[in-house]
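Coordinate analysis (summary)
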Amino acid sequence: MISDQVIWASLPVPAFIIDPEDRIADVNSSGEGFLNASRKSVVGHPVWDQIAVDAPLEEAFTRAREQGTPLFVNDVDVGSGNRAPLQCALQIAPLLGHPGSMIMIVSPRELASRMTRGNTVKSAAQSAIGMAEMLAHEIKNPLAGITGAAQLLSMNIGPQDLELTDLIVAESRRIVKLLEQVEQFGNLSRPEFKPVNIHDVLDRARRSALLGFGADMTIVEDYDPSLPLAYGDPDQLLQVVLNLLKNASEAAGPEGGTIRLHTYFEHSFRLRRSDGSGHSLPLQIEIIDDGPGLPEDIRGDIFDPFVSGKENGTGLGLALVSKIVSDHDGWITAESVPGRTVFRLSLRRAPREAGQDKE
Ligand SMILES: Nc1ncnc2c1ncn2[C@@H]1O[C@H](COP(=O)(O)OP(=O)(O)O)[C@@H](O)[C@H]1O
Ligand SMILES: [Mg+2]
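I will try to describe carefully the structure that is included in this document. (Residues numbered from 1 in each chain as written. Chains lettered and ligands numbered in written order. Predicted model: local features only at pLDDT ≥ 70, side-chain atom pairs only at ≥ 80, totals over all residues. Heavy atoms only, no water.)

This part takes up the pattern of salt bridges. Once their charged atoms are close, side chains differing in charge can pair, the charge on each being opposite to the other. Tallied over the entire structure, the rule returns 17 salt bridges. The closest approach of N and O atoms between Arg206 and Glu221, which form a salt bridge, is 3.1 Å. Residue Arg206 is found in helix H8 (residues 198–211), and its partner Glu221 is found in strand S8 (residues 218–222); the two are separated by 15 residues along the sequence. Using a relative accessible area of 39% as the deciding quantity, one classes Glu221 as partly exposed. (Salt bridge = Lys/Arg side-chain N within 4 Å of Asp/Glu carboxyl O. Helix = DSSP H or I, 4+ residues; strand = E, 2+ residues; numbered from the N terminus. Buried < 20%, exposed > 50% of the residue type's maximum accessible area, 1.4 Å probe, protein only.)

The following block contains the structure:
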């Protein structure tokens, strides 16, 4: 049996115990490194003097303490007196058997679990996509001309040259398909928010996948039947799920594989922006596949446009997912090891009464 002390000291992430008076009761060695200060010099001091979080946490923190529930805060800048702020996720939970005490783990943002924050992701994506949209528009007309000319030519030539005109036509089609995907971005309107039964969306996506690109896959449903309605645009959410299913099917290859659609409710999951605004994202939808996993070299960038691990990929599928999720004020993360890749989508729930769009 390994002692708690050893585990505490070995934890590779900064961890703090906060006493009922908001003082640091203990800190592990990663935490000392994070603060750049020794345990002795910080224990007993008010925690929020040592750790600066640029988001108003107090209310949520107090509630978590009073209700004995965990609190997850994503995407906040966390600093200490001695270092530049670092973008982190905070995981806070009541310390079992010590009423009023909390344990807090500070994890610097992982690469693959990219938050689809309004600004940075969008603007980087947007400039690349804006450019591509313009090009798409410009290229489509001449391309139609080229295809038409090749088809005309093919009427009057021998079979050995036919192969060449067929090639022109096929390759042009491929370009048109790419251009159409690029144009999808431009055509994407603001979501029309309404209460959505997410299981209906998943069912539609599952059925259409099984009829087409996912015909070789087994898609298992693992739903929480009591899940409340989500708040979003059903067609856009369908697009998100389809893109994720398509990637999972493509990753599996011709032998097929299994995709699990998992839904659950996690009421403590909150999105908090660094400007202090925030809301809860309690509906969780996971799309889990047993394929080979995200390619090592691109796993940090998969949500960026034009990043693809496939020979014929466009790298636009997840960029579109990311844009839609961000327009929904939602959150998407990816976690992947060979044999298990999880895309988790977190959405807000429908307001209980129309017009009551808070929380
Ligand atoms: N479920 C998955 N399993 C393994 N790799 C994935 C999965 N989903 C996405 N990827 C990787 O992320 C890349 C980007 O995906 P995407 O944006 O949809 O573009 P595309 O599918 O056109 O390549 C894919 O090329 C693939 O390498
Ligand atoms: Mg794709």
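Residues Met131, Met134, Leu135, Ile139 and Ile175 make up a contiguous nonpolar surface patch of about 460 Å² in total accessible area. Locating Ile139 in the fold gives a position in helix H6 (residues 119–154). Judged by relative accessible area, which is 31%, Ile139 ranks as partly exposed. (Patch = residues over 30% accessible without salt bridge, like charges linked within 9 Å, V, L, I, M, F, W, Y side chains within 5 Å. Areas by Shrake-Rupley, 256 points an atom, 1.4 Å probe, with all protein chains shown as cover.)

The next thing to look at is the nonpolar core. In this structure, Leu244, Leu245, Ile259, Ile302, Ile332, Phe343 and Leu347 are the most contacted members of the largest nonpolar core, which totals 47 residues. The leading source of residues in this core is helix H9 (residues 234–252), at nine residues. Filtering out sequence-adjacent residues up to four positions away, Leu244 remains in contact with Ile287, Leu318, Val321, Ile332 and Phe343. (Core = buried A, V, L, I, M, F, W, Y, C linked by side-chain atoms within 4.5 Å. Contact = heavy atoms within 4.5 Å.)

For ligand 1, the set of nearby residues contains 22 residues, the closest of which are Asp289, Ser308, Gly309, Lys310 and Leu318. The contact in question runs from an oxygen atom of ligand 1 to an N or O atom on the backbone of Thr314, over 2.9 Å. In the model, an oxygen atom of ligand 1 is placed 2.9 Å from a nitrogen or oxygen of the Gly315 main chain. Starting from 540 Å² of accessible surface for ligand 1 in isolation, the protein chains cover 94%. (Near = heavy atom within 4 Å. Polar contact = N/O pair within 3.5 Å; in protein donor to acceptor, adjacent residues only side chain to side chain.)

With that settled, the discussion passes to unusual backbone geometry. Only a minority of non-glycine residues have a phi that is not negative, and only a minority of peptide bonds are not trans. You will see that Asp22, though not glycine, has its phi angle at about 65°, which is positive. Looking at the secondary structure, you find Asp22 in the loop between strand S1 (15–18) and strand S2 (24–27). Even without a glycine there, the phi angle at Asn36 is positive, about 55°. With respect to the helices and strands, Asn36 occurs in the loop between helix H2 (29–35) and helix H3 (39–42).

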